[in-house]
Amino acid sequence: MTGWTHHRGKAVALPVEGIDTDQLIPARFMSRPRAAGYGDFLLHDLRFDADGTPDLDFPLNRPEAAGASILVTRRNFGGGSSREAAVYALADFGFRAVIAPSFGDIFAANAVNNGLLPARVTPAAAETLLEILERAPARMEIDLEACSVAVAGGGEEHAFTLDDAMREKLVNGWDDIDLTRRHAPALDAWRRGLKTDRPWLWPGGGTG
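Sequence order as written defines residue numbering, which begins from 1 separately in each chain. Since the coordinates come from a predicted model, pLDDT governs what is reported: local features require at least 70, and pairs of side-chain atoms require 80 or more to be given and counted, while whole-chain, interface and lining totals use all residues. To obtain the side-chain values, all non-hydrogen atoms of the structure were included, while hydrogens and water were left out.

## Describing the overall build of the protein chain
Consideration 1: Of regular secondary structure, the protein chain possesses eight helices and seven strands.
Consideration 2: Projecting the C-alpha coordinates of the protein chain onto the three principal axes gives extents of approximately 70 × 40 × 25 Å.
Consideration 3: A burial count over the protein chain gives 44% of its 208 residues as buried.
Consideration 4: Contact criterion: two residues are considered in contact whenever any of their non-hydrogen atoms come within 4.5 Å of each other. For the protein chain, long-range pairs separated by at least 24 residues make up 63% of all intrachain contacts whose partners lie at least 6 apart in sequence.
Consideration 5: Placing the 22 positive and 29 negative side-chain charges of the protein chain at their respective mean positions leaves the two points 6 Å apart. Secondary structure elements follow DSSP: runs of H or I of four or more residues count as helices, runs of E of two or more count as strands, with numbering from the N terminus. The rule is simple: take the accessible area with a 1.4 Å probe, protein chains only, and divide by the maximum for that residue type; under 20% is buried, over 50% is exposed, in between is partly exposed. Note on charges: Lys and Arg go in the positive column, Asp and Glu in the negative column, and His and the chain ends are not counted at all. Where a charge lies is defined by one atom per residue type: Lys uses NZ, Arg uses CZ, Asp uses CG and Glu uses CD.

## Remarks on unusual backbone geometry
Consideration 1: In this structure, leucine 43 takes a positive phi of about 50° despite not being glycine.
Consideration 2: Structurally, the position occupied by leucine 43 is in the loop between α1 (21-24) and α2 (44-47).
Consideration 3: With a relative accessible area of 1%, leucine 43 lands in the buried category.
Consideration 4: For asparagine 76, which is not glycine, the phi torsion reads 60° and is therefore positive.
Consideration 5: Secondary-structure assignment places asparagine 76 in the loop between β2 (70-73) and α3 (85-93).
Consideration 6: By relative accessible area, which is 37% here, asparagine 76 ends up partly exposed.

## Quick look at helix α6 (residues 164-172)
Consideration 1: Those residues of α6 that sit buried are Met166, Lys169 and Leu170. Burial along α6 is one-sided: seen end-on, the buried residues are contained in an arc of 95°.
Consideration 2: Where α6 is buried, its residues touch α4 (105-113), β4 (117-120) and α7 (176-181).
Consideration 3: A side-chain oxygen of the first residue of α6 lies 2.9 Å from the backbone nitrogen of alanine 165; this N-cap is aspartate 163.
Consideration 4: Glycine 173 sits one or two residues past α6 and shows a positive phi near 70°. Here, the arc refers to the directions that run from the helix axis to the C-beta atoms. Throughout this description, a polar contact denotes any pair of N or O atoms lying within 3.5 Å of each other; where both atoms belong to protein, one of them has to be capable of donating a hydrogen while the other can accept it, and for residues adjacent in sequence the pair is counted only when both atoms sit in side chains.

## Focus: the pattern of salt bridges
Consideration 1: For this document, the term salt bridge refers to a Lys or Arg side-chain nitrogen within 4 Å of an Asp or Glu carboxyl oxygen. Under the counting rule described, the total for this entry stands at nine salt bridges.
Consideration 2: Between aspartate 92 and arginine 34 there is a salt bridge, with the nearest N and O atoms lying 2.8 Å from each other. Taken together, the residues span a long stretch of sequence, with aspartate 92 in helix α3 and arginine 34 in the loop between α1 and α2 at a distance of 58 residues.
Consideration 3: For aspartate 92, a relative accessible area of 31% translates into the label partly exposed.

## What about the packing of aromatic side chains?
Consideration 1: Think of it this way: a Phe, Tyr or Trp ring, Trp meaning its six-membered ring, pairs with another when their centres are within 6.5 Å, and the plane angle makes it stacked under 30 degrees, edge-to-face over 60, tilted otherwise. Under the defined criterion, the tally for this structure stands at six aromatic pairs.
Consideration 2: Here tyrosine 38 and tyrosine 88 contribute two aromatic rings whose centre-to-centre distance is 6.0 Å and whose plane-to-plane angle is 85°, an arrangement assigned as edge-to-face. Of this pair, tyrosine 38 sits in the loop between α1 and α2 while tyrosine 88 sits in helix α3, placing them 50 residues apart in sequence.
Consideration 3: Seen from their ring centres, phenylalanine 77 and phenylalanine 103 are 6.3 Å apart, and the 85° between their planes marks the pair as edge-to-face. Taken as a pair, phenylalanine 77 in the loop between β2 and α3 and phenylalanine 103 in the loop between β3 (97-100) and α4 lie far apart in primary sequence, 26 residues in all. By the burial criterion, phenylalanine 77 is buried, and phenylalanine 103 matches it.

## Details of the side chain of arginine 47
Consideration 1: With respect to the element layout, arginine 47 can be found in helix α2.
Consideration 2: Nearest to the buried, unbridged arginine 47 among oppositely charged side chains is aspartate 40, at 6.1 Å.
Consideration 3: Discounting chain neighbours no more than four positions away, the residues touching arginine 47 are Gly39, Asp40, Leu42, Thr53, Pro54, Asp55, Phe58, Leu60, Asn61 and Phe93.

What follows is the structure, encoded as structure tokens:
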């Protein structure tokens, strides 16, 4: 996974509350190998009618949404089941960031582990950005170091919140294992000290 600090891309509005992981990718599509891509199935049952015809009124199906890499939506995005495939679908569709007032906790963790930013803004900021995007397509700039999102060209700018460990993982392209490895010297020192203080915990009295 490649780390990043800045992203500039087209944003699309999804003015819906409570989009859960079952909606992000229905379970019947999850047997597909990840290598084959999950992007076609993102929000499938909202984007397509029962006969497979695209709903041309759905935001992600509109021509101006083509190539969007930033999704702006409403609260409680990514709740529901813990399926990581929901993040795969967003990433494979081309999204690098989702901006919303709140996220499912497991979804947010899965997102960061796959390089996708879950940027939490205030409800007022989300509504302002949604209104801008409803009027006309816009490009937005995300600064991970400053934790800010701005409409490109000097427009609206808003702060977002992100756990420090999550931000560090995104900036460096790390997953949970990489984050733990960063503490390897301290862990080794602790282990050596434990062997000295409590040798009976190791076979051979801590001599191995």
